Amino acid sequence: MPPQGLLLIAAYLPASWPVRFIDENIARASAADFRWADVVLVSGMHIQAPQIHDIAQRAKAAGKTTVLGGASVSGAPELYPEFDYLHIGEIGDATDRLLACLDDSVTPPLAQIRFETKERLPLPSFPLPAYHLIQLDRYLIGSLQFSSGCPYRCEFCDIPALYGRQPRLKTPQQIIAELDAMLAQPGHPSVVYFVDDNFIGNRKAAREILPHLINWQREHGYPLQFACEATLNLAKQSEVLSLMREAQFLTVFVGIETPDADELKAMRKEHNAALPMMEAIRTLNKYGLEVTSGIILGLDTDTSDSEGRLKAFIDLSGIPILTINLLQALPRTPLWDRLERDGRLIADGAGLESNVQFLRPYDEVVAGWRRCIAHAYDPERLFARFAHQVDATYANRMDVPARGKLTVRNLREAVVLGFNIVLWIGLLSDYRRPFWRAAWHALSRGQIDAALGMGLVAYHLIQFSREALRGEQNASFYSAHERAATAYTLEDVPALGNQS
């Protein structure tokens, strides 16, 4: 996805400033880029800390003034002593002071200067993100922000501390203008992800924006599909769900975290248990929403039975995509504060998979994570869950005209994707049989998109899990610890396809 924060800042900069926008997830900034610039403004998340430090080093080597803002530095400014200026907090009065300072002089200060936002810029005053500075056809998924903040106080989450508990909102007119700007670019992504921390954090606002999205889709021939993230109690909002279905929301990421109600209570996420969990998932599926689930292992409440309960949940829920993640304490969270008081925080440089000192033996927790990954992404099980989705979810989606999706890019990508899936998965992979069973199940019901989508996603998930079992992937997706290939003893991990 395009980085929304940087696109917003790029649009907010003075009109007289020439701006060059670089997303290093696509290509590194060149030496010529650094020579061109007076100031290098950087943003990133905790997991990108090594890359943030690397950019600062390259900018300093080129003699440039450096500025850092965004989620990571706002949560832990002490991690970035090498930057000239730190912008802490959201866009607002600190941004104006920073820009005035840079407009006055681009000479690096003698000591680091920090600007901290006291008064946020209201979301209705946000400019249109600088989509004109990027090529949207380089991205698989578009991104869009409607709200900021979340009313809940989950122990492990830093959203309330960074962005507040009262969701703040853009206007429907802003959202429509952003969609128009995306659509104006040739080769725009066909899926747009609402990056809001909780799409139903303000339920009234969610109900009010959806009719605008429905009308926009109708007027343009339904060119886009939408995805978002929300809490599981979305399943109680039947009116919102009906509108989401009509607006073409197809996927919702839900931080389920654990299937155990007592563990949810311990992490202050009781709202996930507002309905029986399987009933809530089935309700979302009934409205055509495929659930993607976040799962956390290494909780204080985990027992020797937790692994078995999680595996049973994976099989019973039919959820294909699960981000199974070891607990990582983030700065400015109640979890961080509690573990710091108890002396249970581990320095990131310790080379471990998490910065949390678990109550259960470390090796047992990590081995359990690998066994759960192996179970979830065993090809037979994974494709069986996709086949389940064909009937439980995809069949419940609203049929819409194909006019808006019949673009040259979409047709070209479908042909290329179809060829690659048939070749690399359908013919050459060691899991071609379970793939063809699931794909044929979808194709026989006229769901060509589903067959292509499950092939693409499954290829990534199986590849990831095999790398994880070889020790080449972090068990905590929020850790900035850089992985090197490591030899692990896997006697307790079942074979994954031909990978042992």
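Structure shown above.
Rules of the game
Residues numbered from 1 in each chain as written. Predicted model: local features only at pLDDT ≥ 70, side-chain atom pairs only at ≥ 80, totals over all residues. Heavy atoms only, no water. Helix = DSSP H or I, 4+ residues; strand = E, 2+ residues; numbered from the N terminus. Expected span 1.5 Å × (residues − 1). Buried < 20%, exposed > 50% of the residue type's maximum accessible area, 1.4 Å probe, protein only. Contact = heavy atoms within 4.5 Å. Disulfide = S-S within 2.5 Å. Phe/Tyr/Trp six-rings, centres within 6.5 Å; stacked < 30°, edge-to-face > 60°. Lys NZ or Arg CZ within 6 Å of the ring centre and 35° of its normal. Patch = residues over 30% accessible without salt bridge, like charges linked within 9 Å, V, L, I, M, F, W, Y side chains within 5 Å. Areas by Shrake-Rupley, 256 points an atom, 1.4 Å probe, with all protein chains shown as cover. Salt bridge = Lys/Arg side-chain N within 4 Å of Asp/Glu carboxyl O.

> When you look at helix α16 (residues 408-427) in this model, what are you seeing that I'm missing?
Three or four residues apart is the spacing at which side chains of an α-helix point the same way, because the helix has 3.6 residues per turn. Helix length check: α16, at 20 residues, gives a terminal C-alpha distance of 27 Å against a target of 28 Å (1.5 Å per residue), a fit within 8%. Those residues of α16 that fall on the buried side of the exposure criterion are Arg409, Asn410, Gly418, Ile421, Ile425 and Gly426. On the buried face of α16, the contacting elements are α17 (432-443) and α18 (448-469).

> Would you mind showing me how to read the state of the cysteines here?
Working definition of a disulfide: a covalent bond connecting the sulfur atoms of two cysteines. Counting across every chain of the model gives 0 disulfides. Cysteine Cys150 is unpaired, with the sulfur of Cys154 as its nearest cysteine sulfur at 6.5 Å.

> It is not clear to me how the packing of aromatic side chains should be interpreted in this structure. Could you clarify?
Working definition: an aromatic ring pair is given by the centre-to-centre distance plus the angle between the planes. Going through the model one piece at a time under the given rule, you end up with 13 aromatic pairs. Taken together, the ring pairs connect Phe146, Phe194, Phe199, Phe226 and Phe249 into an aromatic cluster. Above the plane of the ring of Trp36 lies Arg20, whose end atom (NZ or CZ) is 4.3 Å from the centre.

> Would you mind showing me how to read a nonpolar patch on the surface here?
A cluster of nonpolar side chains, Val422, Trp424, Leu427, Leu428, Trp436, Trp440, Leu443, Ile448 and Tyr459, forms an exposed patch at the surface whose accessible area comes to about 960 Å². Looking at the nonpolar patch, the elements with two or more residues in it are α16, α17 and α18.

> What am I meant to see in the pattern of salt bridges here?
When the charged atoms of two side chains with opposite charge come close together, those side chains can pair. For the structure shown, the criterion picks out 25 salt bridges. In this structure, Glu24 engages Arg58 in a salt bridge whose closest nitrogen and oxygen atoms are separated by 2.6 Å. Taken as a pair, Glu24 in the loop between α1 (4-12) and α2 (31-36) and Arg58 in helix α3 (residues 49-61) lie far apart in primary sequence, 34 residues in all. Its relative accessible area of 16% is what places Glu24 among the buried residues. Where Lys170 meets Glu178, a salt bridge forms, and the shortest distance between an N and an O atom there is 2.6 Å. Per residue, the accessibility class of Lys170 equals that of Glu178, and both read buried. Each member of the salt-bridge network shares a partner with another, and the members are Glu24, Arg28, Asp54 and Arg58.

Honestly, it's all geometry; don't read function into it.
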